[in-house]
Amino acid sequence: MPSFAIKVTRFGFSALGRVSPELASRAALALFCRTPAKRPRKVKEKAALAEGARKLAQAEKLKLGRKGFRVGVQRIGSPNCQAPRVLVVHGWGSRAEYLADLAMGLREAGAEVYVLDLPGHGRSHGRRLDMRMAAEAMAIVQERFGPFDAAVGHSFGGAALMAAAGGSFPDIPVVTANRLAVIGSPSRIEDVFTGFVRMVGLTPATGRALVVRTERRVGCPVQALDGVPIALRLRKPLLVVHAEDDKEVSADQARRYLGLADHIRHHWANGQGH
C-alpha cells in the first residue's frame, strides 16, 4: 500500500499537471534528480556504512573536480605499478563504503581500485544527480587516473557507466575501459521514467514534458542512454550480473542483453537481491 507521503505527492502532481504540465514537469524533474540523505538512518544501514568504512580505512581519500562540482573518490593502491586500474561506481542512494567488499575483492585479485562517490552521494558535493552529472564525475576521475582497464557499475551506476562509455554526452569525454561490468542495472532508461511517472502519479502530458525537459538538461535523447545498442556498438567485453528475484530493477532489463553477441556474458546472481 502506498505511504501517506506518496499519496500526497500523487495528488499534488495530478492537480498541478491538469493546470500546467510544464510546471508539473519542472517539479517532477527536481524530485527525480533529488538524491537521498547521505547519512543512513536505519540501524542496518548504519552498521553497513561503519563496516564499509572500516574495510576502506587504508584507502586514499581524494576530492577531484572544480568549484561547485567536487566528487569524492577512494583509491585502493597496489604495490604493483603494472596493476590493472578498475573504476567502481555505486548506485542511487549508495556510496563507496557500500561497495567495499567488491572493491577489496578486486584489490585482492591484484587491481588498483578507484571507488567513486557520485554527485549528491557520500563525500561528493550536492543533493542532485542525473546521468550526465554521473558521466562528468567519471570523466573527472579518468582525467586524473585513467584510462581504466575495467569499470564496474551497480544499478544506476551501471546504467550511467554504459552511457558514459558509449559517448552519449557529446561534450563530456568518453569513459575508456577495456572491459565493462554492470550489476543489477537498468538497460532501458525509458522504463525508469515509466516507473517514476506511475509512482508519483504524473498525467500523460506531464510525463511527456518530463522526458523532454530531461533531454534538454542532459543534452541527448533518452534513447541515446539505452545500454543495449551501446554494448553492441562498443563491442567490448561486457559482463551483465543480475538476480532474477531483484525487486528494485527487473531482471527483464538484463534479459535484453541475452544472446545478442559473443562479447556479452551473463551471470544470474539469484538469491542475492539487488
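One can find the structure itself at the top, above this paragraph.
Below is a summary of the structure that appears in this document. (Residues numbered from 1 in each chain as written. Predicted model: local features only at pLDDT ≥ 70, side-chain atom pairs only at ≥ 80, totals over all residues. Heavy atoms only, no water.)

## Some details on unusual backbone geometry
To keep it simple, the criterion reads: Strands are runs of DSSP state E lasting at least 2 residues, helices are runs of H or I lasting at least 4, and numbering of each runs from the N terminus.
Cis geometry is adopted by the peptide bond preceding P147, which originates at G146 and carries an omega value of 0°. On the secondary structure map, P147 appears in the loop between α5 (131-145) and β5 (148-154). Although it is not a glycine, S155 adopts a positive phi angle of roughly 55°. Residue placement: S155 occurs in the loop between β5 and α6 (156-165). In this structure, R235 takes a positive phi of about 55° despite not being glycine. Its location among the elements puts R235 in the loop between α9 (227-234) and β7 (238-242).

## Considering the packing of helix α7 (residues 189-200) against helix α8 (residues 204-218)
Put simply, the rule is: Axis lines are fitted through C-alpha atoms, for helices just across the contact stretch, and the angle between N-to-C directions can take any value from 0 to 180 degrees. Oblique is the label for any angle not under 35 degrees, not over 145, and not in the 65 to 115 range, which are roughly parallel, roughly antiparallel and roughly perpendicular in turn. Should the near helix be turned counterclockwise from the far one by less than a right angle, the crossing is left-handed, whereas a clockwise turn marks it as right-handed. In this description, contact between two residues means that some pair of their heavy atoms is separated by no more than 4.5 Å.
Contact geometry for α7 and α8: axes closest at 10 Å, N-to-C directions at 135°. Comparing the axis directions of α7 and α8 gives the class oblique. When the axes of α7 and α8 are compared, the crossing they make is right-handed. Seen from α7, the contacting residues are F193, F196 and V197; seen from α8, they are G207, L210, V211 and T214.

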